[in-house]
Every structure is written in structure tokens, then in C-alpha cells.
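So you can see what is in the structure, the chains are spelled out below.
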Amino acid sequence: MLQQAAQVIPTERPVIFLGNGEFNGVDLRDQIARLGWHFVCRVPKNTVFADAADWYSLSRFPLQPGDRFELEDVFYTERGFGPLLLVAVWPEGQKEPLCLVSNLEFLDEALLWYKRRFTIETLFSDQKSRGFHLGHSHLGDPQRLERLLLACCLASLWMVCLGACVVLNGGKACIHRSDRCDLSLFQIGLLWIEYCLNEGLPVPVPLWIRRFCPDRKSVR
């Protein structure tokens, strides 16, 4: 996946890889670093690391709500991957601290980028439980799953654009309560398609896909 991404991303463009606890493998981060990219990834509280003197476990630090600290030039896991920046922050009101490892330089920089990871969570839920239910596809072939994901991502753009058009044109009252709205634009778009099909109305397509060719000329 990384190699495929590297082939389409211009070499001069800065890249910051954001990952949750499922992306804590040393090999993965080594590949990211070899591509010249930065990363900020979440790690478990029992992460093992080393400084210039000894090995430690992150769980040994007496973290309390409101605490935040950073350790520079540490080596990650017993394989000694690094030197890296290790960050631990426990925001007030959260049940546990947020622990990150990064090849960026500063705590605030790593936190600033990692917070952007949560903006993609709505896409995941739209693809699964709140929308297309991709988890029920039972596809096992990577190429077939890749094609289905591509189609669903394009459909997600369509749903968001359609939902925005419904809201702007005052059609939301036909599918949802008028005193408040607890639906995303994606869900409004889905409900509007269902409404159009039930009422025998044409389904609007307020979306155009443009494919950019190597000569920079776009083709719709």
C-alpha cells in the first residue's frame, strides 16, 4: 500500500502518516521513514522504549489526568527503532492517556497532526455501520475489495454533495424532523435517494468526476 501511494504522490510533497494503535509495527514505520515521510502513530501504554542509559516501559510513568510530557531521542521497542519522539498526554475528562510515537520534533506538532486523524472516522462509519455496510460484503479477494472500496468512496462523495444540496434547497423537512438535525450530510443524501425512489422522483446527481491526464488536461 505504501509503495502504491509513493508512486502517485509527488516526491517534493510532504507526507505525514497518521495511524491508530493498529499501525504500531516497527517495519511499517521503517518503510515510512525510508520514503522520507513523517509519521505520528498511537502506541499502547505498555510500550517499551530506551534512552541513552536504559530500557523503560511507558506504563511505569505515574501519569494523571491533565499531565503531558515528551521524551526526545528514544528508541522504540526492543528492536531499538529510532531515535524518535515519544509523547504522552492525558486530557481532562478522558479515561486514559494518549501515547504517541513520531519522527517529528515537537510534542505540540505531533498532537496537532494526530488530531486530524479523527476527521476520517466519519468516513469509516459511513462505509460500514451507518451507510454502505461494507463489513457484510464477505469479499476475500484484495482486488475485488479494492474495486468495491473505490466505488464506495466515490459514492460517499456523491452522498455528501447530495445531502448538502438537499439542505441548501430546503428539502430536509421531507425526510427528517424540522426542529433539529442529528444526521450527517452523508445520511441526508442516503435518505433523499430513498425518498426519491419511494415517491417516483428522479434521483439527482450533483457530482462530476474529473480524471486528470499526465498532460494536465482534465477529462470528465
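Residues numbered from 1 in each chain as written. Predicted model: local features only at pLDDT ≥ 70, side-chain atom pairs only at ≥ 80, totals over all residues. Heavy atoms only, no water.

1. What about the sheet that holds strand β7 (residues 98-102)?
Part 1 of the reasoning: Strands sit in the order β1-β2-β7-β6-β5-β3-β4 across an open sheet of seven strands; the sheet is mixed. Strands at the two margins of the open sheet, each flanked by one partner only, are β1 (16-19) and β4 (55-57). In this sheet, neighbouring strand axes are inclined to one another by 30° on average, regardless of whether the strands run parallel or antiparallel.
Part 2 of the reasoning: Where strand β5 (residues 68-76) meets strand β6 (residues 81-89), six bridges bridge the pair, whose relative direction is antiparallel. Counted as the bridge partner of E70 is V87 from β6. (Pairing = 2+ DSSP bridges. Helix = DSSP H or I, 4+ residues; strand = E, 2+ residues; numbered from the N terminus. Axes fitted to C-alpha atoms, helices over the stretch in contact; angles between N-to-C directions.)

2. A few points about the layout of surface pockets
Part 1 of the reasoning: There is about 970 Å³ of room inside the largest pocket.
Part 2 of the reasoning: Lining the largest pocket are 27 residues, and of these M1, F17, F23, I120 and F124 lie nearest its centre.
Part 3 of the reasoning: For the lining of the largest pocket, the secondary-structure elements that each account for two or more residues are α1 (2-8), β1, α4 (121-127) and α5 (142-168).
Part 4 of the reasoning: Residue composition of the lining of the largest pocket, by class: 18 nonpolar, four polar and five charged.
Part 5 of the reasoning: Looking at the second largest pocket, its volume works out to about 240 Å³. (1 Å grid on protein atoms, 1.4 Å probe; cavity = no way out; pocket = protein on both sides within 12 Å on 5 of 7 lines; lining within 4 Å. Points joined across faces, edges and corners; volume = space filled by probe spheres on them. Nonpolar A, V, L, I, M, F, W, Y, C, P; charged D, E, K, R; others polar.)

3. Thoughts on helix α3 (residues 107-114)
Part 1 of the reasoning: All buried positions along α3 are accounted for by L107, A110, L111 and Y114. Within α3, the buried residues cover an arc of 95° as seen down the axis, which keeps them to one side. Residues of α3 that are exposed and point over 90 degrees away from its buried face: D108 and L112.
Part 2 of the reasoning: Looking at the buried positions of α3, the neighbouring elements they touch are β1, β2 (38-42), β5, β6 and β7. (Buried < 20%, exposed > 50% of the residue type's maximum accessible area, 1.4 Å probe, protein only. Arc of directions from axis to C-beta. Contact = heavy atoms within 4.5 Å.)

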